[in-house]
Amino acid sequence: MSDDSQDALRSITRKPGLQIWTINNMKMVPVPVKAFGNFFEGDCYIVLYVSTSADIHYWIGRLSSQDEQGAAAIFVTQLDEHLGGSPVQYREVQGYESARFRSYFKNGLIYKKGGVASGFNHVDTNAYNVLRLLHVKGRKHVTATEVAWSSFNTGDIFLLDMGKAIVQWNGPHSNRREKLKAVLVAQDIRDRERGGRAQIGVVDGGDERDSPELMKVITTVLGPKPGHLKDPTPDDVSNKSAHKNASASWIRVCFSQDCYILDQGGSSVMVWKGKQASQAERREALNRAVGFIKAKKYPPNTTVEVMTEGGESAMFKHLFKSWKDKGQTKGLGTTYSTGKIAKVDQTRFNTMELHARPQLAAHHRMVDDASGDVKVWRIENLELAEVNPRSYGQFYGGDCYLVLYTYQRAGQQRYILYMWQGRRATKDEITACAYQAVNLDNKYNGAPVQVRVVMGKEPQHFLAIFKGKMIIYEGGTSRSGVDTPEPPIRLFQVRGTTEFNTKATEVPGRASSLNSNDVFLLKTDRLCYLWYGKGCSGDERVMGRAISDVLSKHSKQVVMEGQEPAEFWVALGGKAPYANFIQKCPLIIFQTINDPRLFECSNQTGRFRMTEVDDFAQDDLDEEDVMLLDSWQEIFLWVGNFANQKETKEAWNSAQEYLRMHPAGRDPDTPIIFIKQGHEPLTFTGWFNAWDPLKRCRCTLADDQSRFT
């Protein structure tokens, strides 16, 4: 490596943000910030993005030489070593860039003809000596490629850049989102390359008569418009051969002294480098991945991702059913460093902070302090039957219920509609519950947030609604006219420390159901025993006492573990072993918080697709689509105002399929929350940085650009 390249590497730091270099005469040359997003087709680039972690991308132009590609690969390896080996490396091919790479360039990528010899290193923001036609494609992540008149079609958008003026031509079949994205590309060119001193005009294809002056400009420069325009081409080019067998060749064990390749059936190739692998192996990891692609006869644009032990990407970890980071142990939804797990301590928090700190609301899944109004219906003969308020909080496993919660936020009424499904309810009742939820949603003009709740998987806000007095009966029904004999004894396990997180769940009425860390209520025909395990806390005992008053009107008898009267064991059918391990030493528990992931659910290309959005923000919510937000504990389905009905239905089914097929073995009963644009709760908005509730959808801005601006 040359001294210049050594100096370039020494000057690179982990400062947050984006840094880009191009390969010029086998050297790394910094790219000016004003030129970010512009890529010459004859060049290779290295892109470093630093946030809480670091990612290195090397971009290959379709006309770049093999020497330049080889040099870029070498520099990427050296840059990785300079940064301590922790960055994840990505290989990007022009036209097939990863979603993560495209997310760095919010206004899109511009592909330019030529290479660095074209004067790339001397960007003059006041230069007007430009004449080019750009073909703009993409709805979420946009690319603009230099083309000719013959490329015009009915579904895409084209920018005629003449230096002092930029004219945007919208294909007759282009949509609102595409028009907006093209406007943003034009504005970006004006502001970065022309110092803000270029005019922008828009022509809608099919209505050219409304913009005669702009059409005259286009035809003067490009010649007469073709008599027949081609049909649009798909935005996303998919290679069937790369995806037809998209099942991964799994790596079960990774040894630190080796390097491994994980093959996802040709859709992508991942390379894992053990910390104790030799330097030669580590340096050759990227080249071996490329060689592997060639040997397998995969397309040359196949995605490559390289990572070091301890710096695995989230996507890599998600491919394993039980991935464990070094020094951590998995157990019951928590990750902790040492000791054994006996119970999960409940976190206390100040509900007054929820509106001031939306991220707190999101993590605790609480939209407010649960002091709003509640109305409950039971599904009875497939219709809605109102539940007596005196029975609120009591749920039977043989029933389905709708719970409408109303609260105030910013002076407006907001609604959450919970659909509680009993474990022993019939399929007809579950279907009727969903149907009646739609009817209620329509009654409130689509304002309610809809939440599917499976028995035993109740979210914290649902528990909080019933003020620590929620009781779940394993079976049976509360329907009128159904005479179900009361069992002689019933046993309930009480979990919770406050009115925000407590519920009593019926368990089999036998001694083996007991647990030394909890409170249990044993209801008989003459009294109610409050059994306090040796490991339960004072708060848990208080909540157990409160819920026993709801469960039984008989007299109460407190029973301490180890001091049970004979009648207690007789009621349970005799003594039997039960879980009696008590954590005696202090235990520090760190809750596992997986980074939330956002997916776009769309059928705009003619087939339904879910596409992940990297580094997402509020602007990424597309009002023409359905978006899926996975916060791990909950799945949110956000429906844009202009999303079509078929997308909405397919997204709901896909959310359930997403949970069933998740490689990490997700709980299929994870709550699925249905949200409509404009009615987002804090538990959703808290996952977005600086959410603006008054934000006007930027898609409407494209309609305002109908003349020079």
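All figures in this text were calculated on a predicted structure; none of them were measured in a lab.

## Focus: the confidence of the model for the protein chain
Consideration 1: Per-residue confidence for the protein chain averages 80 on the pLDDT scale, and 81% of its residues sit at or above 70.
Consideration 2: Every residue in residues 117–126 scores below 50 in pLDDT, and together they form 20 contacts with partners more than four places removed in sequence or on other chains.
Consideration 3: Below a pLDDT of 50 lies the segment residues 584–593, which in the model reaches 19 contacts outside its immediate sequence neighbourhood of four places, other chains included.

## Concerning the sheet that holds strand β14 (residues 268–273)
Consideration 1: With mixed pairing, the eight strands of this open sheet are ordered in space as β2-β1-β4-β5-β6-β15-β14-β13. Edge positions in the sheet fall to β2 (27–30) and β13 (259–263), since each has one partner strand and no second. On average, each strand axis in the sheet is inclined to that of its neighbour by 20°, with strand direction left out of account.
Consideration 2: Two strands pair when backbone bridges link them, and strand β6 (residues 88–93) and strand β15 (residues 303–308) are joined in this way by three bridges, in the antiparallel orientation. The residue bridging tyrosine 90 from the neighbouring strand is glutamate 305, located in β15.
Consideration 3: Each of β1 (17–24), β2, β4 (44–50), β5 (54–60), β6 and β14 touches helix α2 (residues 66–82); the most contacted strand, β5, lies at about 175° to it.
Consideration 4: On top of the sheet, helix α7 (residues 279–295) reaches β5, β6, β13, β14 and β15; it is set at about 160° to β14, its chief contact.

## With respect to unusual backbone geometry
Consideration 1: With a phi angle near 55°, asparagine 381 is a residue other than glycine that sits in the positive phi range.
Consideration 2: Relative to the helices and strands, asparagine 381 is located in the loop between β18 (373–380) and β19 (383–386).
Consideration 3: In the Ramachandran plot, leucine 382 falls in the positive-phi region, its phi being about 65° despite a non-glycine side chain.
Consideration 4: For leucine 382, the location among the structural elements is in the loop between β18 and β19.
Consideration 5: Look at leucine 382 and you get partly exposed, because its relative accessible area is 43%.

## Side note on empty space enclosed by the protein
Consideration 1: Within the structure shown, the criterion is met by three cavities of 30 Å³ or more.
Consideration 2: Forming the boundary of the largest cavity are Arg365, Val367, Ile416, Tyr418, Val449, Val451, Pro459, His461, Glu634, Ile673, Pro681 and Thr683.
Consideration 3: Across the lining of the largest cavity, the residue classes break down as eight nonpolar, two polar and two charged.
Consideration 4: Here the lining of the largest cavity gathers at least three residues from each of two domains, domain 4 (359–475) and domain 6 (597–700).
Consideration 5: One number sums up the size of the second largest cavity: a volume of about 60 Å³.
Consideration 6: Contributing to the lining of the second largest cavity are ten residues, with Val136, Lys137, Gly138, Ile157 and Glu178 lying nearest its centre.
Consideration 7: When contributions to the lining of the second largest cavity are tallied by element, the ones reaching two or more residues are β8 (132–137) and α4 (176–193).
Consideration 8: Of the residues in the lining of the second largest cavity, the class split is three nonpolar, two polar and five charged.

## Quick look at the pattern of salt bridges
Consideration 1: What the rule picks out here adds up to 29 salt bridges.
Consideration 2: When the shortest N-O distance is used, the salt bridge between arginine 192 and aspartate 188 registers 2.9 Å. Of this pair, arginine 192 and aspartate 188 both sit in helix α4, separated by four residues, roughly a single helical turn. An identical accessibility class is assigned to arginine 192 and aspartate 188; each is buried.
Consideration 3: A salt bridge links lysine 457 to aspartate 667; its shortest N-O distance comes to 2.7 Å. With lysine 457 in the loop between β23 (449–454) and α11 (460–465) and aspartate 667 in the loop between α14 (645–661) and β35 (672–676), this pair connects stretches of sequence that are 210 residues apart.

## Regarding the pairing of strand β12 (residues 199–204)
Consideration 1: Two strands pair when backbone bridges link them, and strand β11 (residues 165–170) and β12 are joined in this way by six bridges, in the parallel orientation. Paired with valine 167 across the bridge in β12 is glycine 201.
Consideration 2: At this point the chain moves from β11, through α4, to the parallel β12, and the crossover so formed is right-handed.

## Describing the sheet that holds strand β10 (residues 157–161)
Consideration 1: Strand order in the open sheet formed by seven strands is β3-β7-β9-β8-β10-β11-β12, with mixed pairing between adjacent strands. Unpaired on one side and paired on the other, β3 (38–40) and β12 mark the two borders of the sheet. Taking the axes of each pair of neighbouring strands and ignoring which way they run, one obtains an average angle of 25° across the sheet.
Consideration 2: Strand direction decides the pairing type here: β8 and strand β9 (residues 143–147), joined by five bridges, are antiparallel. Its bridge partner being in β9, leucine 134 is matched across the sheet by glutamate 146.

Scoring rules and cut-offs
Residues numbered from 1 in each chain as written. Predicted model: local features only at pLDDT ≥ 70, side-chain atom pairs only at ≥ 80, totals over all residues. Heavy atoms only, no water. pLDDT = per-residue confidence, 0-100. Contact = heavy atoms within 4.5 Å. Pairing = 2+ DSSP bridges. Helix = DSSP H or I, 4+ residues; strand = E, 2+ residues; numbered from the N terminus. Axes fitted to C-alpha atoms, helices over the stretch in contact; angles between N-to-C directions. Buried < 20%, exposed > 50% of the residue type's maximum accessible area, 1.4 Å probe, protein only. 1 Å grid on protein atoms, 1.4 Å probe; cavity = no way out; pocket = protein on both sides within 12 Å on 5 of 7 lines; lining within 4 Å. Points joined across faces, edges and corners; volume = space filled by probe spheres on them. Nonpolar A, V, L, I, M, F, W, Y, C, P; charged D, E, K, R; others polar. Domains from an automatic or database assignment. Salt bridge = Lys/Arg side-chain N within 4 Å of Asp/Glu carboxyl O. Right-handed = clockwise from strand over helix to strand, strands pointing away.

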